[in-house]
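The lines below spell out each chain.
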Amino acid sequence: MGSLAAVLRHPDDLYPLLKLKMASRQAEKQIPPEPHWAFCYSMLHKVSRSFALVIQQLGTDLRNAVCIFYLVLRALDTVEDDTSIPTDVKVPILIAFHRHVYDREWHFSCGTKEYKVLMDQFHHVSTAFLELGKGYQDAIEDITKRMGAGMAKFICKEVESIDDYDEYCYYVAGLVGLGLSKLFYASGTEDLAPDSLSNSMGLFLQKTNIIRDYLEDINEIPKCRMFWPREIWSKYVNKLEDLKYEENSDKAVQCLNDMVTNALMHVEDCLKYMSALRDHAIFRFCAIPQIMAIGTLALCYNNIEVFRGVVKMRRGLTAKVIDRTNNMTDVYLAFYDFSNILKPKINKNDPNATKTLSRVEAIQKACMDSGVLNKRFVKVSKFYKQ
Ligand code: D61
Ligand code: MG
């Protein structure tokens, strides 16, 4: 749970934290009896603290499909991320991965810790996959095929331009959005969302991760892979790793702010996507990660700590988001609030100050134009004070 010091500083975190603790205990107890499904759900809890809880709340059929979708792509990503696998071994595995899910005998050992267990015991995932409905199987296979091909393309290619950056994020996260929209549609409760909006849902999450994980990725051993586009960082430093050195602090923060401003471009699409959802569980499943992302960006903006250590929202704030996200009003309020946390951090000497400010104002306008927020309330709202 959150640290005692943090809870003492934010006493109203306590109730949501306890509620979250109970919900995750409950989820752990609900592990199915069949060994392959038991493996899949306990794996989901181990590899994704954040997604497991929201996936758990979906209805049974869709939940099983999303759980397997997650684990298949996590396994694919474990191959992509393992920098000790030689390229000539890795590329064919990425490209053929969508066929391996039909083969109960197939496995490939790589990754570390819980990811290694996922890879070594992958037959449990394929066994569960083969029990899903055909509509779900086809959607998962299709996305796995396209993502594997995209990852293979970027194994040998650096992220140079902003277009490359958007293309890479499309492969690894935008496609997840497209796949999820298909699964929601197949479950019968939602209309099929336009691809461009589904893509934006993924891009916003992935770009936030890439920004937050700068230091972790640059310090990766044996070798690092970086996803910050040269077109952005080359305006500030000669080498991407120069951003972490103290003498470049001013440039580093300006570059970071440029990256955050770029990520904020996707917010209006995300709001539009979420506003079309009908099912309460699907809504929460989609909205909670999005609110966490805008919260993380507000925290990272103009914050040198991104280059020094881990910048994360405190556990209590995450618990509050999970507790308070039930409808579009909650989403608009959260986006408005977090934009309001970011706004006063904009320094007028920052090279992108005007651009960032106009992005933040556009987001706030979109929230206000929804008509569900009350102007006076919003002015004093400190719902999500950090
Ligand atoms: C609604 C709800 C959830 C959504 C969504 C729409 C649209 C897209 C996404 C979730 C995907 C967002 C991915 C953001 C986190 N990034 C990663 O995990 C990176 O790996 C990308 C490739 C594997 C994607 C696996 C995945 C992730 C979330 C899912 C899912 C599958 C299936 C269902 C639901 C959510 C990243 O991982 C390492 C790290 O973050 O430390 C990387 O290697 O870049
Ligand atoms: Mg990866």
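Data block above holds the structure.
Residues numbered from 1 in each chain as written. Chains lettered and ligands numbered in written order. Predicted model: local features only at pLDDT ≥ 70, side-chain atom pairs only at ≥ 80, totals over all residues. Heavy atoms only, no water.

(A) Up close: the overall build of the chain. The secondary structure content of the chain amounts to 20 helices and 0 strands. A compact globule built from 386 residues should have a C-alpha radius of gyration of about 21 Å, and the chain, at 21 Å, falls within 12% of that. Referenced to the eigenvectors of the C-alpha coordinate spread, the extents of the chain come out at roughly 60 × 45 × 45 Å. Taken across its 386 residues, the chain has 56% of its residues classed as buried. When the accessible area of the chain is evaluated, it comes to approximately 17600 Å², of which 53% is carbon and sulfur surface. Looking at the chain, you have 49 positive and 48 negative side-chain charges, and the mean spots of the two groups are 6 Å apart. (Helix = DSSP H or I, 4+ residues; strand = E, 2+ residues; numbered from the N terminus. Rg over C-alpha atoms; globule rule 2.2 N^0.38 Å. Buried < 20%, exposed > 50% of the residue type's maximum accessible area, 1.4 Å probe, protein only. Areas by Shrake-Rupley, 256 points an atom, 1.4 Å probe, with all protein chains shown as cover. Lys, Arg positive; Asp, Glu negative; His and termini not counted. Charge placed at Lys NZ, Arg CZ, Asp CG, Glu CD.)

(B) Broad picture of a positive patch on the surface. A surface patch of positive charge is lined by Lys-21, Arg-25, Lys-29, Arg-49, Lys-312 and Arg-315. Considering each element in turn, the positive patch owes the most residues, 3 residues, to helix α2 (residues 14-29). (Patch = residues over 30% accessible without salt bridge, like charges linked within 9 Å, V, L, I, M, F, W, Y side chains within 5 Å. Salt bridge = Lys/Arg side-chain N within 4 Å of Asp/Glu carboxyl O.)

(C) Structural context of the coordination of the magnesium ion (ligand 2). Those donors, Asp-77 (OD), Glu-80 (OE) and Asp-81 (OD), are the protein atoms that reach the magnesium ion (ligand 2), and they lie 2.0 to 2.2 Å from it. For the magnesium ion (ligand 2), the donor residues sit on a single chain with the sequence spacing D-x2-E-D. Taking the relative accessible area as the measure of exposure, Glu-80 reaches 1% and is therefore buried. (Donors = N, O, S within 2.8 Å, 3.2 Å for Na, K, Ca; no water.)

(D) Region of interest: the site of ligand 1. The environment of ligand 1 is formed by 19 residues, the closest being Arg-74, Asp-77, Asp-81, Gln-206 and Asn-209. Asp-77 is positioned with one of its side-chain polar atoms (N or O) 3.0 Å from an oxygen atom of ligand 1. Gln-206 has a polar side-chain atom sitting 2.8 Å from a nitrogen atom of ligand 1. The protein chains hide 89% of the 810 Å² of surface that ligand 1 would expose on its own. Elements represented by at least two residues in the shell around ligand 1 include exactly α5 (60-81), α10 (162-186), α11 (195-212) and α16 (280-300). Among the elements that make up the shell around ligand 1, the one with the highest residue count is α5 (7 residues). Grouping the constituent residues of the shell around ligand 1 by class yields 12 nonpolar, 4 polar and 3 charged. Counting contributing residues, the shell around ligand 1 receives three or more from each of domain 1 (32-157) and domain 2 (205-385). (Near = heavy atom within 4 Å. Polar contact = N/O pair within 3.5 Å; in protein donor to acceptor, adjacent residues only side chain to side chain. Nonpolar A, V, L, I, M, F, W, Y, C, P; charged D, E, K, R; others polar. Domains from an automatic or database assignment.)

(E) Here's a closer look at the packing of aromatic side chains. Under the definition given, this model contains 15 aromatic pairs. A centroid spacing of 5.3 Å and a plane angle of 80° characterise the contact between Phe-97 and Trp-106, whose relative ring orientation is edge-to-face. Each member of the pair, Phe-97 together with Trp-106, is buried. Seen in terms of ring centroids, Phe-97 and Phe-122 are 5.6 Å apart; in terms of plane orientation they differ by 65°. Their pairing is edge-to-face. In this pair, Phe-97 is assigned in helix α6 (residues 87-100) and Phe-122 in helix α8 (residues 122-129), connecting sequence segments 25 residues apart. Residue class for Phe-97 comes out buried when judged on its relative accessible area of 0%. Among the aromatic residues, ring-to-ring pairing joins Phe-154, Tyr-168, Tyr-170, Tyr-171 and Phe-227 into one connected group. (Phe/Tyr/Trp six-rings, centres within 6.5 Å; stacked < 30°, edge-to-face > 60°.)

(F) Spotlight on the side chain of Ser-126. Assignment of secondary structure puts Ser-126 in helix α8. Residue classification places Ser-126 among the buried residues on the basis of a relative accessible area of 0%. Apart from the residues lying within four places of it in its own chain, the contact partners of Ser-126 are Val-101, Asp-103 and Arg-104. (Contact = heavy atoms within 4.5 Å.)

(G) Expanded view of the packing of α6 against helix α9 (residues 134-155). Where α6 contacts α9, the axes come no closer than 6 Å and their chain directions differ by 160°. In terms of orientation, α6 and α9 fall into the roughly antiparallel class. Crossing of α6 against α9: the hand is left-handed. Residue-level contacts link Thr-87, Lys-90, Val-91, Leu-94, Ile-95, Phe-97 and His-98 of α6 to Glu-141, Thr-144, Lys-145, Gly-148, Met-151, Ala-152 and Ile-155 of α9. (Axes fitted to C-alpha atoms, helices over the stretch in contact; angles between N-to-C directions. Parallel < 35°, antiparallel > 145°, perpendicular 65-115°, else oblique. Left-handed = near helix turned anticlockwise from the far one by under 90°.)

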